[in-house]
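Okay, here's what each chain looks like letter by letter:
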Amino acid sequence: MLTAAKQQGKVLLLSVKYNIMRQMTNRAAFITNITFMILNNATFIIQWMILFHLKEDIGGYHMNDVMVLWGLAASTYGLSHIFFQTAYNLPDLIINGKLDSYLVQPKNVLLGVISSGTNTSAIGDLLYGYLIICIFRFSIVNLLLFTLFSITGALILTAFAILTGSLSFWIVKGDMISGNLHSVLLHFSTYPDGIFKGIIRLLLYTLIPVGLIIYLPVKMILRFDPFTLLLLLGFTVLIIFLAFFVFYKGLRRYSSSNLMSARI
Amino acid sequence: MKAIQVKNLSKTFKVKVKEKGFRGSMSSIIKPRYKSILAVDNISFEVEQGEILAFIGPNGAGKSTTIKMLTGILYPNNGEVSVMNINPCAKRKQLAYKIGTVFGQKEQLWTHLTPYDNFKFFGAIYDLADTVIEERINELKKTFELEEFINTPVRNLSLGQRIRCEIVASLIHKPEVLFLDEPTIGLDPVVKENIRELIKKMNREYQTTVFLTSHDVGDIEKLCKRIIIVNHGRIVLDDSMEHLKYHYLNKKIVEVKMKETVDFTAEEGITVLKSKGGNLKLAIDTTKKKINDALRLIDADNMIDINISNVPLENIITEIYRENKVLL
Amino acid sequence: MRKYIFIFKTTFLESLQYTLNIILGFVSFFVVLFVFLNLWQYIYADSTNLISGYSMEQMIWYVIITEIIFFGTRNRTLTGQMTSDIKSGTIAYNMNKPYNYIYYIVSRHLGEITLRFFLYLGIGILIGYHFVGGLAGFQAVNLILIVPVFLLGTLINSFLRMCISILSFWMEDAGPYHWIYDKIIIVVGTLFPVEMFPDWAQPLIKFSPIYVVTYGPAKLVIDFSMEMLWRVLLAQGIYLGITIIIITVMYQKGVKKLNVNGG
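Everything numeric in this text was worked out from a predicted model, so none of it was measured. (Residues numbered from 1 in each chain as written. Chains lettered and ligands numbered in written order. Predicted model: local features only at pLDDT ≥ 70, side-chain atom pairs only at ≥ 80, totals over all residues. Heavy atoms only, no water.)

Draft legend 1. Representation of the overall build of chain C in the model. The helix and strand inventory of chain C stands at 12 helices and two strands. N-terminal to C-terminal, the α/β element order of chain C is α-α-α-β-β-α-α-α-α-α-α-α-α-α. For 263 residues, the compact-globule formula gives about 18 Å, and the C-alpha radius of gyration of chain C, at 19 Å, lands near that figure. Dimensions of chain C, computed from the C-alpha atoms along their principal axes, are close to 65 × 45 × 35 Å. Put simply, chain C has 263 residues, and 55% of those count as buried. Of all intrachain contacts in chain C linking residues separated by at least 6 positions in sequence, the fraction that spans at least 24 positions is 81%. (Helix = DSSP H or I, 4+ residues; strand = E, 2+ residues; numbered from the N terminus. Rg over C-alpha atoms; globule rule 2.2 N^0.38 Å. Buried < 20%, exposed > 50% of the residue type's maximum accessible area, 1.4 Å probe, protein only. Contact = heavy atoms within 4.5 Å.)

In structure tokens, the structure reads:
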């Protein structure tokens, strides 16, 4: 069991390494992608400067807090897209029968699939996140917490992408649904939760887990709370198991399937 | 020992019927309509260990579906499959260590890396220790003459070299059965010959069982001792090459050049395919007329040139596709 | 001109086939709008009725209109399609056809977005009525004068996009420049009117594309004045002229480069 996990980890890292090497074959494009993503994220600083110029407190947040929120969102997104980019393309792989080549490998299919691609600009996101935390709230403890929450966030985000992406095993146009859910999650993740009320707020802590990816962690960076941390870790483990379960359930359908036209 | 055993295997696909236009796409979301296609229809066969088997048929005959069921990618609706005594759909991962796959047009290599790095990656996938991988790469490099380009990125290789590496990459874990889906598609004759040599060598050196699909009659003729032909999801022929030729090659084509025109139309068992001046092309049915009897009819003194040949395998296979029934 | 109208018509009719996909694409629009509306409601909640001279009702309509402009005109043809035409050298095949590639792409783009724009417009108006009700002081007659401003804004936006895409002649990947343009419009250009920026930044915004693409049209809807109309039209005229010149020159240079290098 342990050696199997070790082997799996080795393949995963090798896969990510090769992916990044591929992106680096064109050095100029690689560097522009990263720097422009950092600039791209930085434009939002202007937005918040103006908003806080109009009002000092928005949704219970001040400028520095929003920056931490933004930084965490960026590095969470970045981490997930560097390692598991293909989790976001699952619908395409499912619909067009492209999972086949992973099925003949003696490794975990899901891990093999999601680690088979990377996104260069995501490196810019990750860097931006760390830049922000260092500028606005630097301390060793914060840095450690920030890293921990980027990892849990990236895991939840990826699991969420797998869960929604797996819809395509069952539903026509599942790709549109998962794409939309993903963009909903992203849009909410860079605004303070205090501005949302009622049902929406409930949704953000359940069906669309932005609350667990971003809001709770940000609160913990501002004020640490061990109970919330346990809750967060528990949720992370749970959603990962759920993602594996649903994906493999779908995979059985894929293999016994009759849904594809391109697979005869 | 049998490498592959297949019994009463069937697979049905549901294909969505889509109507045109806005209304069509609306109704296909609410209530999609499907039609069933029987892609593989109750087929059974066995493959011995160390055998090279050709599995051929026209497009859409069910070849790829069968390969996918043998490798655990697809689950059958009915029937039993066992590859190296493993049931592919129950123990896919375990099977993966024993088989290798090359799907002709789909690349599995990382194109920006060198073949060497690729081999290392595949070695890691199959849990080989680094030292074992090194040894194996060295061995494969020598056997299949890859020294020249093992350190050149795959994208800079010629198509032939690339396919070579694709096949060798699938050998890194010493598979006992190798599935090759149209390995020579799109290659020029010299490269094709090269790849065939490689497959033969691999079969000889490692006793690898090879399950090959191809459209190229040359592949089949030069590599395989046994051939299975499928059409419309059914096996229409399962026979040794020799047997096939013996049964189907009861026709000989004789081309002769005579000093003057000779008329053979009256002879039983001889069909005149072409007659122009002294040039004649005859088909001789050897069940009706022995070849030596037929030759005796030709006046040797009058003859300028002669050429006797078999009916090309390609024609035989086309014939079998067309007739689409069990012939033997 | 006739052939460009024909290209427009054909692509427009084709787009009718994908109505369903457009509707499914609304979600992103809804969410952005929803977040912004919540943001403004929060900001307005316990402060005076006016911020920088805007009432909450005006502010929300402003956001809705600019979002319609942003989402309703977003299209891959100007970005991905054009870039891949240049990268793959397909553009060379288009050169010996009896039309101008630039105008061909613009006609196609407009054909593709027309249906979507009106769908977004309809939905946007519904959302606006639902959230804050009608707009006080809005007069339907003014629409006749505002429509050309919207059209010009859309055209300028298209040309600016093309200026970026055309960089692909010289650059490996023009994508990152599109992100920045996107962000300038959506982050800076749709959320607040010029008046809300700090004083030193206001002149900058007035000279930026934001003024002619989003601010101008939206401002005229929520607070019409003839003076403003002339000012926006003048700015749009200048922008249109400049972008057309830039794009024509860049296109010619790019094509020449393509010919020299043989694609």
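Additional details are given in the paragraphs that follow.
Draft legend 2. Structural view of the sheet that holds strand S6 (residues 177-181) of chain B. Residue and element names in this part refer to chain B. Pairing is mixed in the open sheet, where six strands are placed in the order S5-S6-S7-S3-S8-S9. If you trace the sheet from one side to the other, it starts and ends with strand S5 (99-103) and strand S9 (234-240), each paired once. Put simply, the sheet's adjacent strands are angled 15 degrees from each other on average, direction ignored. Judged from the four bridges that link them, strand S3 (residues 52-56) and strand S8 (residues 226-231) form a sheet pairing that is parallel. Note that in S8 the partner of Ile56 across the bridge is Ile229. (Pairing = 2+ DSSP bridges. Axes fitted to C-alpha atoms, helices over the stretch in contact; angles between N-to-C directions.)

Draft legend 3. Expanded view of the environment of Leu212(A). Residues and elements named next belong to chain A. Examined against the element boundaries, Leu212 turns out to sit in helix H11 (residues 210-222). Sequence separation of Leu212 and Leu13 is 199 residues, and the distance between their C-alpha atoms is 26 Å. Leu212 has contacts with Ile156, Tyr205, Pro217, Leu232 and Phe235, leaving out every residue within four places of it along the chain.

Draft legend 4. Inspection of the interface of chain A and chain B at higher detail. Across the boundary between the two partners, chain A contributes 32 residues, which contact 34 residues of chain B. Between chain A and chain B the total buried area reaches about 3100 Å² when both faces are included, carbon and sulfur atoms providing 62% of it. The tally of links between chain A and chain B comes to three salt bridges. For Asp100(A), the salt bridge identified is with Lys68(B), shortest N-O distance 3.1 Å. Sorting the residues of the side of chain A that touches chain B by element identifies helix H1 (2-24), helix H5 (100-103) and helix H12 (226-255) of chain A as the ones contributing at least two each. With nine residues, H1(A) is the single largest residue contributor to the side of chain A that touches chain B. (Buried area = accessible area lost by both parts, 1.4 Å probe. Salt bridge = Lys/Arg side-chain N within 4 Å of Asp/Glu carboxyl O.)

Draft legend 5. Representation of the packing of aromatic side chains within the structure. Per the stated rule, a full pass over the model turns up 46 aromatic pairs over all chains. Aromatic side chains Phe44(A) and Trp70(A) sit 4.6 Å apart centroid to centroid with 35 degrees between the ring planes, which places their arrangement in the tilted category. Residue Phe44(A) is located in helix H2 (residues 27-54), and its partner Trp70(A) is located in helix H3 (residues 63-84); the two are separated by 26 residues in the primary sequence. Accessibility expressed as a relative area gives 12% for Phe44(A), which makes it buried. With centroids separated by 6.2 Å and ring planes inclined at 65 degrees, the aromatic side chains of Phe26(C) and Phe30(C) adopt a geometry described as edge-to-face. Placement of both Phe26(C) and Phe30(C) in helix H3 (residues 26-45) is noted, with a separation of four residues, approximately one turn of the helix. Take Phe26(C): its relative accessible area is 5%, and that puts it in the buried class. Residue classification places Phe30(C) among the partly exposed positions, given a relative accessible area of 36%. An aromatic cluster is built from Phe169(A), Trp170(A), Phe244(A), Phe247(A), Tyr248(A) and Tyr254(A), whose rings are joined through pairwise contacts. Across from the ring centre of Tyr206(B), 5.1 Å away, lies the NZ or CZ of Arg136(B), which sits over that ring. (Phe/Tyr/Trp six-rings, centres within 6.5 Å; stacked < 30°, edge-to-face > 60°. Lys NZ or Arg CZ within 6 Å of the ring centre and 35° of its normal.)

Draft legend 6. Summary view of the sheet that holds strand S10 (residues 251-258) of chain B. All names here are of chain B. The sheet built from four strands is open, its strands ordered S11-S12-S10-S13 with antiparallel pairing. Lying at the two open borders of the sheet, with one neighbouring strand each, are strand S11 (270-276) and strand S13 (303-310). The mean angle between the axes of side-by-side strands here comes to 15 degrees, regardless of whether they run parallel or antiparallel. Two strands pair when backbone bridges link them, and S11 and strand S12 (residues 279-285) are joined in this way by six bridges, in the antiparallel orientation. By the bridge assignment for S12, Val272 is matched with Leu282.

Draft legend 7. Quick look at helix H7 (residues 120-136) of chain A. Between the first and last C-alpha of H7(A) there are 25 Å, a value that for 17 residues agrees with the 24 Å anticipated at 1.5 Å per step. On its buried face, H7(A) is in contact with H1, H2, H3 and helix H8 (140-165) of chain A together with helix H9 (175-189) of chain C. (Expected span 1.5 Å × (residues − 1).)

Draft legend 8. Structural detail: unusual backbone geometry. Residues and elements named next belong to chain B. The phi torsion at Asn42 lies on the positive side, around 55 degrees, for a residue other than glycine. By the secondary structure assignment, Asn42 is in strand S2 (residues 33-48). The phi dihedral of Asp127 falls on the positive side, at around 60 degrees, and the residue is not glycine. Residue placement: Asp127 occurs in the loop between helix H4 (115-125) and helix H5 (130-143).

Draft legend 9. Up close: the pattern of salt bridges. Residue and element names in this part refer to chain B. Considering all chains together, one arrives at 24 salt bridges over all chains under this definition. Between Asp41 and Arg234 there is a salt bridge, and its shortest N-O distance comes to 2.8 Å. Pair noted here: Asp41 is in strand S2 and Arg234 is in strand S9, with a separation of 193 residues, a long-range link. What makes Asp41 buried here is its relative accessible area of 16%.

Draft legend 10. Broad picture of the side chain of Arg136(B). All names here are of chain B. Relative to the helices and strands, Arg136 is located in helix H5. With relative accessibility at 4%, the residue Arg136 sits in the buried group. Those residues in contact with Arg136, other than ones at most four positions away along the chain, are Leu171, Ile172, Lys174 and Tyr206.

Draft legend 11. Just the nonpolar core, in detail. With 185 residues, the main nonpolar core has Trp48(A), Ile4(B), Phe45(B) and Trp40(C) as its most contacted residues. The leading source of residues in this core is H3(C), at 12 residues. Apart from the residues within four sequence positions on either side, Trp48(A) is in contact with Ile58(A), Met63(A), Val66(A), Met67(A), Trp70(A), Thr190(A), Tyr191(A), Pro192(A) and Leu39(C). Formed by 60 residues, the second largest nonpolar core is a distinct cluster that contains Ile52(B), Leu178(B), Leu223(B) and Ile320(B). (Core = buried A, V, L, I, M, F, W, Y, C linked by side-chain atoms within 4.5 Å.)

Shape is all these values report; function is a separate question.
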